[in-house]
Amino acid sequence: MEKVFYVTTPIYYVNAEPHLGHAYTTVVADFLARWHRLDGYRTFFLTGTDEHGETVYRAAQAAGEDPKAFVDRVSERFKRAWDLLGVAYDDFIRTTEERHKKVVQLVLKKVYEAGDIYYGEYEGLYCVSCERFYTEKELVEGLCPIHGRPVERRREGNYFFRMEKYRAWLVDYLRENPDLIRPEGYRNEVLAMLAEPIGDLSISRPKSRVPWGIPLPWDQDHVTYVWFDALLNYVSALGYPEGEAYRTFWPHAWHLIGKDILKPHAVFWPTMLKAAGIPMYRHLNVGGFLLGPDGRKMSKTLGNVVDPFALLEKYGRDAVRYYLLREIPYGQDTPVSEEALRTRYEADLADDLGNLVQRTRAMLFRFAEGRIPEPVAGEELAEGTGLAERLRPLVRELKFHMALEEAMAYVKALNRYINEKKPWELYRKDPEAARAALYRVVEGLRIASTLLTPAMPDKMAELRRALGLKEEVSLEEAERWGLAEPRPIPEEAPVLFPKKEAKVEAKPKEEAWIGIEDFAKVELRVAEVLAAEKHPNADRLLVLRLSLGGEERTVVSGIAKWYRPEELVGKKVVLVANLKPTKLRGIESQGMILAAQEGEALALVTVEGEVSPGAVVR
């Protein structure tokens, strides 16, 4: 039986620029589409723009533009934004397209002729930005609960959809299909809404007031209310009612939305579908708000807005995609910040994954003649073949952060394997065993890169090129060991995730002093060099084994240009002993030795006389 998957984003309203919330939802949809394609699903990914309504009409007037010219221009910004984020959608629907207008009028006519649309007058509290009426109970301190702006009291004659008629049916449907709305908390929120009458839905606006919209097929003096127009994009893009794509994909539809549009998608849309005789979607997946670094909702006034496109320029699109998917538990309100992105970038991408690729390439050139060695059994690393099966339910349950955590845990296991096997030492005793260890790491990286491809498609393709692996991958291949073929690896490959230099604010001279209490925090000790060797992955680094009397330390130092390993043995150097350990090209450095440098000259700070290792330097 053919596996089919259909995923949609909301169609974004063109009265504003693409922002981080838009970017997050679209990246999640792209991740899901890429994952299902890798897993052999026939996949369709839809996004687009919502281009009718009063808000758009007013924005076009304010810009001094014809509404169609205005929406053409702004819609292109969304397309450019998704190109920048590497989003591979299958279709981009616009509500001003004829294919969409025809479906809207077809559905309106069908529901009208069934008696579920009638004319009436209504008075209520209206938010222009939301283009919907609110009850007093729904307002927050008298303001729109979404935009925090004053609402208008309006009375006008419109056409209404008999939404209340379907309330009891919808309650029963939600109870019979508990996974329709996810996460579960949002389903409970909708059931609470439905516990009271929801009323009928105003589905038109007088053309004399809002000329920018799709005319009602039976009354040209009214245009369609924006939600009854916009929601139908999910089927109009598939060629409803007769299109082959509609028949294939609609039964498998996953909608992705933000929680601010929960009611239209969880109440308006299902009742519209029921009235029109269209089957229900499969899942409504509801994302939380992205908050500023201070934990408050992003606002230009508060100055806490995070610009995703500025981050793209600095860190690259795959790093931003990875951060959003790894950091944010889907459905929860989550603070986002550049600082958190930098931390993820440095720890997960640069140190764990990028450094592993660089080390592996260097050792393949040193110990395997620059080739992928002959395949061997996987030993403990063969557990990677079971990862795809563990990740599938996590992805289907929207636990993207946990799926990526599992994949990166395997990357950490590959790093541990190299550090334990030490191919640079193993090669002296058993070259074949060293090459076998390197094959296992290459094969592990093939599997890891496949699983990480939906999050970072460009960088994972780059990783595979750097190791001479084939670029086309599938989850089925990630479940098999030994597919990396013996072949040469490229002589040159860019650093996968270059380290980012943090900007340091220059302090005024009067603040450059430190107090004695600050200096006292630095623990300087005499250390004797017991052994020294070149770093296996970096020509400018030496790896030193130091004695502090009662303990030994490993320190990595960038002094290979000035000292040969053999001339350092026996020297007594000064060690910063309480410096936090850090990995340098895969080897943990447990401190730092002091040196003086002037221009191209460098000399270690050494200790003369009968001073024992471990003595405190004051």
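Coordinates for the structure precede this section.
What you see is a predicted model; the values in this text were computed from it and never measured. Note that residues are indexed from 1 along each chain, following the sequence as it is written. Reporting in this predicted model follows two pLDDT cut-offs: at least 70 for local features of residues, and 80 or more for side-chain atom pairs to be given and counted; totals over whole chains, interfaces and linings ignore these cut-offs and use all residues. Note that the side-chain values use all heavy atoms of the structure and ignore hydrogens as well as water.

Novice: Looking at this model, I keep getting lost on the sheet that holds strand 19 (residues 552-557). Mind explaining?
Specialist: Strand pairing follows a simple DSSP-based rule, namely that at least 2 bridges must link the two strands. Labels follow the DSSP assignment, with helices taken as runs of H or I lasting at least four residues and strands as runs of E lasting at least two, numbered in each case from the N terminus. A sheet is described by the order of its strands in space; here 5 strands give the open sequence 19-18-17-20-23, paired in antiparallel fashion. In this open sheet, the two edge strands, each paired with only one partner strand, are strand 19 and strand 23 (592-593). Across 5 bridges, the pairing between strand 17 (residues 524-535) and strand 20 (residues 572-576) is antiparallel. Looking at strand 20, one finds that Glu-528 is bridged to Lys-572.

Novice: Hey, could you run me through the sheet that holds strand 6 (residues 132-134) in this one?
Specialist: In sheet architecture, strand pairing relies on hydrogen bonds along the backbone and comes in two forms, parallel and antiparallel. With respect to topology, 4 strands assemble into an open sheet ordered 6-5-7-9, the strand pairing being antiparallel. Strands with a single pairing partner mark the edges of an open sheet, and in this sheet they are strand 6 and strand 9 (201-202). Pairing of strand 5 (residues 117-127) with strand 7 (residues 152-161) involves 10 bridges; the strand directions are antiparallel. Following the sheet pairing, Gly-120 is matched in strand 7 by Asn-158.

Novice: Before we go on, may I ask you to explain the nonpolar core in this structure?
Specialist: Inside soluble globular proteins, nonpolar side chains tend to come together where they are buried. Phe-161, Trp-250, Leu-353 and Leu-451 are the most contacted members of the largest nonpolar core, which has 163 residues in total. By convention here, the domain bounds are inherited from an automatic or database domain assignment. Shared between two domains, this core holds at least three residues of each, these being domain 1 (4-287) and domain 2 (351-478). By size, the runner-up hydrophobic cluster in this structure holds 16 residues, among which are Leu-542, Leu-544, Tyr-563 and Leu-602. By nonpolar core is meant a set of buried Ala, Val, Leu, Ile, Met, Phe, Trp, Tyr and Cys residues that side-chain atoms within 4.5 Å join together. Only protein chains enter the calculation, and the probe is 1.4 Å; a residue is then buried if its accessible area is under 20% of its type maximum, exposed if over 50%, and partly exposed in between.

Novice: What's the story with the pattern of salt bridges in this structure? I'm lost.
Specialist: Here the idea is simple: oppositely charged side chains can pair when their charged atoms come close. By convention in these notes, a salt bridge is any Lys or Arg side-chain nitrogen within 4 Å of a carboxyl oxygen on Asp or Glu. In the structure shown here, the tally under the stated rule is 59 salt bridges. Notably, a salt bridge pairs Glu-462 with Lys-459, separated by 3.8 Å at the nearest N-O pair. Of this pair, Glu-462 and Lys-459 both sit in helix 18 (residues 457-466), 3 residues apart, roughly one helical turn. Residue class for Glu-462 comes out buried when judged on its relative accessible area of 17%. Within the structure, one salt-bridge network assembled from shared partners comprises Glu-54, Arg-58, Glu-152, Arg-154, Glu-156 and Arg-209.

The analysis is restricted to geometry; functional conclusions fall outside its scope.
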